[in-house]
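Structural overview
Take a look at the letters that make up each chain.
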Amino acid sequence: MIEVINLTKKLDKTIAINHLNLFITNGIYGLVGQNGAGKSTLFRLLSDVYSQDEGEILIDSKPNYEKEIKSNLFFLQDDPYYANFSTLKNLTEFYKCFYEVDENYLNYLFKTLNLPINKQLSSFSKGMKRQAFISLALSINVKYLLLDEAFDGIDPLALDLIKQEIIKKYSNNDKTLIIASHNIESLEKLCDKFIIISNGKMVAQGDEASMSHVFIKYQIIFNLSNLKLSTSNKLYFEINEDLFKKLDLHVVSLNKIGSVYELVIKVNKDINPYEIIKDNLDPVLLEEIPLTYNEIITLQMLDAKMDGSKHE
Amino acid sequence: MNKKYIKYQIKQWLPLIGIISGILIITLIIDLIFSKNPMNYHYYEASKSNVSYQNPLIITSCCILCLTFFVPLFVFSYKYSIKKADTYVQSPFKNNNLKITNFILGYLCLALPFIVIFLIGLLSTYITQLINNPYHVIVVPQNPGMTYYSHITFYYNYGYLILFMFFILFMLFIEYSLNSFAANFANNTIDALIYISLFFIFRMLILYAIPQYFMQNLDIIEYDFNIFNLSLTIMPVISFALTVFNSLISRGYFDAKDVFISDLYKYQYVGYVISFTFIIMIGIFAALYIFFIKDKYKENYGRKRNNTIFDYLLPHLTMMFIAFSLYTITRYDTTSKIVIFLAFFVMYYCLLASLNKSFKIKKYDLIFGGAISLVNFCLFIASITIEHLYL
């Protein structure tokens, strides 16, 4: 169990993590947020690479800087270090100094992913290096594994295989895996819970069920002649976000595909958006359509970004 | 201590140990060429009361002390790159153990090759002396009319040579701690080199000033401050070692009592003894700091340092150092004084450019640099004028 209490970290003059509170139990978590949201900083704080300015990090009810906790947590950064001229064999040797490595499993992964053990790492492609380091991270017997942008540059076949291995190892037991990414598609069919952060603050945390009621997506077709009449006989009329905002709707996105508009609004329990749109804009078609999990996450990020720019 | 890590790190540093050993072997060969010379006769005038003796392994000993400048760069290299810092700092070490382990391993990288090569040198000198010739000192007459010649034959006192080795090992630890202390504050290799150099300059100014103070006050030697006098890294150490040990090393066991120690109190060596004590004290403080003080601001590891007042202080101190080293030239010459002022400014620009890793310097920095150069120049001129008029 990871508890992050009122965590704050300043890097130079920027507040990278801003009074963040988190509660992480076991399972596979996706940590998402746009570039510079504070994902890597959070990982560095959790793994004691950085020290926090304010707040507390407790892992299994103990401070994260304790040796016992550190030996049970592994953070794989987005561009990991390896010594010059080192091979996968040397790399394994290095990590064996600090952690318990399941060598049989590691060799199995290297073989399955066709990674040469005695070839220098510098000659590996970017994707191969990533595969090698993920294999190593999965073979390290720790309770908490943090992967930062781990899937960048990996081909779909290898990615599927790695995802299967992750699910085998980290779902349905007492282990925790947190994968940070700005690319939500890469986390598809993998994470059962998501943490969304923006500007160092938490936007949302939860699983699909808890997040699915936040937004509603409508498919709308307007009859423009009707619309002109209903909006004070203006000669020129454009359907944009402001139109819906005037109706007190919290618009998150509005896209036009042909003559069909796709509108996503944030749910407000006090109002019924369906009725409001129907009464005010008299659309030809107004239909609620389901949102995918990835869409919900993206919308959360988008909404957080909009909130952030409002505050600025 | 993590035994697996120690084993891994030693393996990683084998090339470094190899380079250190290689350099020491070269210096040992140079040492042995001098001591094996069949013309190993040294001539002294009869009037000289003190005859200096050659230490057979002095170059090797000086060399290992100089190598302490570079080893801390490897010891703290885990701080000098973001990637490395991410990997090493998260590793499960207790408190300061990563730093302490690397620090001790760095010392062993220096000490072990030195011990081996020193003992080889000792054995080689012993065999040479048995087969070939001892160290000869010939005292020649002071007056041409006299016919008295004295020929003294010395054998090295190997017991004292081993004692000398332990002394150098101790001083190696002190010098290594001092340089590591400076490197510990840096977050990248260039900064580490600058810090080590700056700390060295600062140390040397203090350490050289102490003996000079005693010389001046005892009115024995004319006060003269010149860069060439500062050429040795650990001058007080070497001076002390040469003074105390050389006399012991070269004597037989039976006449070892007749040594120079009594002279230490008579001449400028009082200053050296004080600087020697001072360097040991700050060296021990540096080692304790590395052992017990945990690093703050780990997020700066591997990153470029923001310009601080320290960046302005560095050129300032360096310029002062160079200016004083040119003291004797500048004392009476007006052209040199102008050149010194320009040199101040150029030095400032070069150092700031290297710190910023760019030759484009902000206007503010240039104006500030000009002001600092002017202040420096005025201080310098004032100090030499006062000294010229009153001292």
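Residues numbered from 1 in each chain as written. Chains lettered and ligands numbered in written order. Predicted model: local features only at pLDDT ≥ 70, side-chain atom pairs only at ≥ 80, totals over all residues. Heavy atoms only, no water.

1. Quick word on the overall build of chain A
On a plain count of helices and strands, chain A comes out with 11 helices and 14 strands. Based on the C-alpha atoms only, the size of chain A along its principal axes is roughly 75 × 45 × 35 Å. In chain A, which comprises 312 residues, the share counted as buried stands at 51%. For chain A, the proportion of contacts with a sequence separation of at least 24, taken over those separated by at least 6, is 69%. Seen as two clouds, the 34 positive and the 42 negative side-chain charges of chain A have centres 4 Å apart. (Helix = DSSP H or I, 4+ residues; strand = E, 2+ residues; numbered from the N terminus. Buried < 20%, exposed > 50% of the residue type's maximum accessible area, 1.4 Å probe, protein only. Contact = heavy atoms within 4.5 Å. Lys, Arg positive; Asp, Glu negative; His and termini not counted. Charge placed at Lys NZ, Arg CZ, Asp CG, Glu CD.)

2. Considerations on the interface of chain B and chain A
Contact residues are listed per partner, giving 23 residues for chain B and 29 residues for chain A. Summed over both sides, the interface of chain B with chain A buries roughly 2,400 Å², with 54% coming from carbon and sulfur. The largest per-residue losses of area from chain B upon contact with chain A belong to B:Tyr8, B:Gln90 and B:Pro92, which jointly make up 29% of the total buried on that side. For the pair chain B and chain A, the number of links is five salt bridges. Between A:Arg44 and B:Asp86 there is a salt bridge; the shortest N-O distance is 2.6 Å. Where chain B meets chain A, there are 10 residue pairs in polar contact (both at pLDDT 80 or more). For the side of chain B that touches chain A, the secondary structure elements donating two or more residues are helix H1 (3-12) and helix H5 (82-90) of chain B. (Buried area = accessible area lost by both parts, 1.4 Å probe. Salt bridge = Lys/Arg side-chain N within 4 Å of Asp/Glu carboxyl O. Polar contact = N/O pair within 3.5 Å; in protein donor to acceptor, adjacent residues only side chain to side chain.)

3. Topic: the pairing of strand E2 (residues 14-24) of chain A
With seven bridges joining them, strand E1 (residues 2-11) of chain A and E2(A) adopt antiparallel strand pairing. Bridge pairing in E2(A) places A:Glu3 opposite A:Phe23. (Pairing = 2+ DSSP bridges.)

4. Re unusual backbone geometry
Residues and elements named next belong to chain A. A positive phi angle, close to 50°, is found at aspartate 60, a residue other than glycine. Inspection of the secondary structure assignment puts aspartate 60 in the loop between strand E4 (54-59) and strand E5 (62-63). By relative accessible area, aspartate 60 is classed as partly exposed at 29%.

5. Description of the sheet that holds strand E6 (residues 73-76) of chain A
Residues and elements named next belong to chain A. Spatially, the six strands line up as an open sheet ordered E6-E7-E8-E3-E9-E10, and their pairing is mixed. Of all strands in the sheet, those with a lone pairing partner are E6 and strand E10 (201-206), marking the two edges. For this sheet the average axis-to-axis angle between neighbouring strands, irrespective of direction, equals 15°. Of the strands in this sheet, strand E3 (27-32), strand E7 (144-148) and strand E8 (176-181) are in contact with helix H6 (residues 156-170), which crosses E3 at around 125°. (Axes fitted to C-alpha atoms, helices over the stretch in contact; angles between N-to-C directions.)

6. Some points on the environment of A:Tyr274
All names here are of chain A. With respect to the helices and strands, the residue tyrosine 274 is situated in helix H10 (residues 273-281). Given the relative accessible area of 30%, tyrosine 274 is considered partly exposed. Separated by 13 residues in the primary sequence, tyrosine 274 and glutamate 287 place their C-alpha atoms 8.6 Å from one another. If we ignore the near neighbours within four places in the chain, the residues touching tyrosine 274 are Tyr218 and Leu286.

7. So, the state of the cysteines
Evaluation of the coordinates by the stated rule reveals zero disulfides over all chains. Just so you know, A:Cys97 is unpaired, no disulfide at all, and the nearest cysteine sulfur is the one on B:Cys109, 15 Å from it. Free cysteine B:Cys109: the closest other cysteine sulfur is in B:Cys63, separated by 15 Å. The exposure class assigned to B:Cys109 is buried, which follows from its relative accessible area of 6%. (Disulfide = S-S within 2.5 Å.)

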